[in-house]
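# Tertiary structure, described
Each chain, written out:
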Amino acid sequence: MAQKNSIFAAILIAASLSKLSLGCAPTDQESIPFSSPAPSSTIVASAAVNVFTTPLPTSTVTQGTIPPAVLSPTYTVTSVFTEICSPLEHIPVHDLPAHVNNPFNPPRISVDDHHMGVDFAVQEFSMAVPGTPVHSVLQGTIVLILDDRFPYGNAVLIETPINNLSEELSEVILIPTPSPTIEPHPALNCPPVSSNHIFDSDQRSLYVLYGHLAERPTLHLDDLVGCGEQIGIVGESGNALHPHLHLEVRAGPSGARLGSMSHYSTSASPEEMNAYCTWRVRERFQLLDPMQLFSRPAVGINQP
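Summarised in this report is the structure supplied together with it. Predicted, not measured: the structure shown is a model, and the values here were computed from it. (Residues numbered from 1 in each chain as written. Predicted model: local features only at pLDDT ≥ 70, side-chain atom pairs only at ≥ 80, totals over all residues. Heavy atoms only, no water.)

## What to know about the overall build of the chain
Selection rule: Counting from the N terminus, the helices are DSSP H or I runs at least four residues long and the strands are E runs at least two residues long. In this description, contact between two residues means that some pair of their heavy atoms is separated by no more than 4.5 Å. Each accessible area is a Shrake-Rupley estimate made with a 1.4 Å probe; only the visible protein chains count as cover when residues are assessed.
On a plain count of helices and strands, the chain comes out with three helices and 14 strands. Put simply, 77% of the contacts in the chain that link residues at least 6 apart link residues at least 24 apart. On the chain, roughly 15,300 Å² of surface is accessible, and the fraction owed to carbon and sulfur atoms is 57%.

So this is what it looks like as structure tokens:
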């Protein structure tokens, strides 16, 4: 009888241990749902990298395989972004200043003049050349794709929520405090503000625009892109005299969906002109010097 009880107790202990070893998500991670679980998916054993439904191209932390029992639509992780990547393939972050051929030159208030971004050009024999792959500087979401609209040409706009930046990145990127919107100078012929624009005024995001790409990007709205992921190729579409990448950075309300934007062209619709004016001169999206991103070392900076 005692022997039977010992066997029964051993069975109960084995069953308990089996239950503890299956389906247990880490308790120190908050989550966002996976949209399409796959047996081969991996997850980072840290809250330092955003986990998407497909593996990101860049990771600096150890990964471990998720047991199939954990891969459910309710499993989630915290998204904190820690890396800054070079926008040009084969050009390390510390070499970017040598490739600036048109520096940041902020405009006067309410006027669309000077140069609101930084132009990077890869040169051969003192001539700017097209074809260099363009990479995302930060992890984020694609919120606008322009199909050869003047003046940006083929372009991509990527949003990164400011709350998702690590403390190290927040120290590197000097985010301005929100300012009141202003009316553009009458000479710009900006249409009235559209009620169709969608913003979340309670949250703030960083927006990075990549302009003058060679072709319309094959990406889609709401695609998630990783730091260092290719989003296009250097070209000279739009208002460009030679092949270069126009990089423009602004801080503004989260969740912005501007549709399309264009100006200074007879083909530009009132909706496109209004979106352009909102992006460029109404101060809803505040301009930053893009070189802030690359000016000094940061923890997690990606220098290929």
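## Topic: the environment of L213
The following threshold applies: Relative accessibility decides the category of a residue: with a 1.4 Å probe and only protein chains considered, values under 20% of the type maximum give buried, values over 50% give exposed, and everything between is partly exposed.
The topology assignment puts L213 in strand β10 (residues 198-213). Given the relative accessible area of 0%, L213 is considered buried. Taking C-alpha positions, L213 is 8.6 Å from V156, a pair spaced 57 residues apart along the chain.

## Quick word on the pattern of salt bridges
A side chain with one charge may pair with a side chain of the opposite charge, provided their charged atoms come close. Here is the rule: When a carboxyl oxygen of Asp or Glu lies within 4 Å of a side-chain nitrogen of Lys or Arg, that pair is called a salt bridge.
Scanning the model with the defined rule gives eight salt bridges in all. Between D147 and R216 there is a salt bridge whose closest N-O contact spans 3.9 Å. Placement of the pair is D147 in strand β8 (residues 140-149) and R216 in the loop between β10 and β11 (224-225), with a sequence separation of 69 residues. The salt bridge involving R280 is made with E248; its shortest N-O contact spans 3.3 Å. In this pair, R280 sits in helix α3 (residues 270-280) while E248 sits in strand β13 (residues 245-257), placing the two residues 32 residues apart along the sequence. A relative accessible area of 0% places E248 in the buried class. Three or more residues are tied together by salt bridges with common partners; here these are D112, E248, R250 and R280.

## Topic: the pairing of β8
Selection rule: Whether two strands pair depends on DSSP finding at least two bridges between them.
With eight of its 10 residues buried, β8 lies for the most part within the structure. Bridge count for β8 against β11 is two bridges, and the pairing is antiparallel. Within β11, the position partnered with T141 by the bridge is L224. Hairpin connection, β8 to strand β9 (residues 153-161): the antiparallel pair is bridged by three residues.

## A closer look at the packing of aromatic side chains
Worth spelling out the cut-off: Pairing of aromatic side chains requires ring centres within 6.5 Å, counting the rings of Phe and Tyr and the six-membered ring of Trp. Pairs whose planes differ by under 30 degrees are stacked, by over 60 edge-to-face, and all others tilted.
Applying the stated criterion across every chain, the model contains six aromatic pairs. Ring geometry for Y207 and W279: centres 6.4 Å apart, planes at 85°, overall edge-to-face. On the criterion of sequence distance, the pair formed by Y207 in strand β10 and W279 in helix α3 is long-range, its members being 72 residues apart. Residue class for W279 comes out buried when judged on its relative accessible area of 0%. When the ring of Y207 is compared with that of F285, the centres are 5.4 Å apart and the planes differ by 85°; the resulting orientation is edge-to-face. With a gap of 78 residues between them, Y207 in strand β10 and F285 in the loop between α3 and β14 (286-288) connect regions that are remote in the sequence. Accessibility assignment for this pair places Y207 and F285 in one class, buried.

## Comments concerning the state of the cysteines
Counted only if it meets this: For the purposes of this analysis, a disulfide is any pair of cysteine sulfur atoms at a distance within 2.5 Å.
For the coordinates displayed, the defined rule picks out two disulfides. Disulfide pairing is shown between C85 and C227; the S-S distance is 1.9 Å. Classification of the bridge connecting C85 and C227 rests on its S-S torsion, roughly 125°, and on that basis the disulfide is right-handed. Residue C85 is found in the loop between β2 (63-65) and β3 (100-102), and its partner C227 is found in the loop between β11 and β12 (230-233); the two are separated by 142 residues along the sequence. Note on accessibility: C85 and C227 belong to one class, buried. The disulfide partner of C190 is C277, and the gap between their sulfur atoms is 2.0 Å. Its S-S torsion of approximately -80° makes the covalent link between C190 and C277 left-handed. Placement of the pair is C190 in the loop between α2 (167-172) and β10 and C277 in helix α3, with a sequence separation of 87 residues. Classification of C190 by relative accessible area gives partly exposed; the value is 22%. What makes C277 buried here is its relative accessible area of 1%.

## Thoughts on the nonpolar core
Convention followed: Remark: nonpolar core denotes a set of buried residues (Ala, Val, Leu, Ile, Met, Phe, Trp, Tyr, Cys) joined through side-chain atoms within 4.5 Å.
Within the largest apolar cluster, 36 residues are counted, with the highest numbers of intra-cluster contacts made by I84, L88, F120, V137, Y210, L245 and F294. If you list the elements that add at least two residues to this core, you get β4 (118-120), β8, β9, α2, β10 and β13. The next biggest cluster of nonpolar side chains, apart from the first, holds 15 residues, and it includes A155, L157, W279 and F285.

## So, the environment of G232
Residue placement: G232 occurs in strand β12. Given the relative accessible area of 13%, G232 is considered buried. In the structure, G232 is positioned 96 residues away from S136 in sequence and 9.2 Å away in space, judged by C-alpha atoms. When residues no more than four places from it in sequence are discounted, the contact partners of G232 are T132, P133, V134 and L213.

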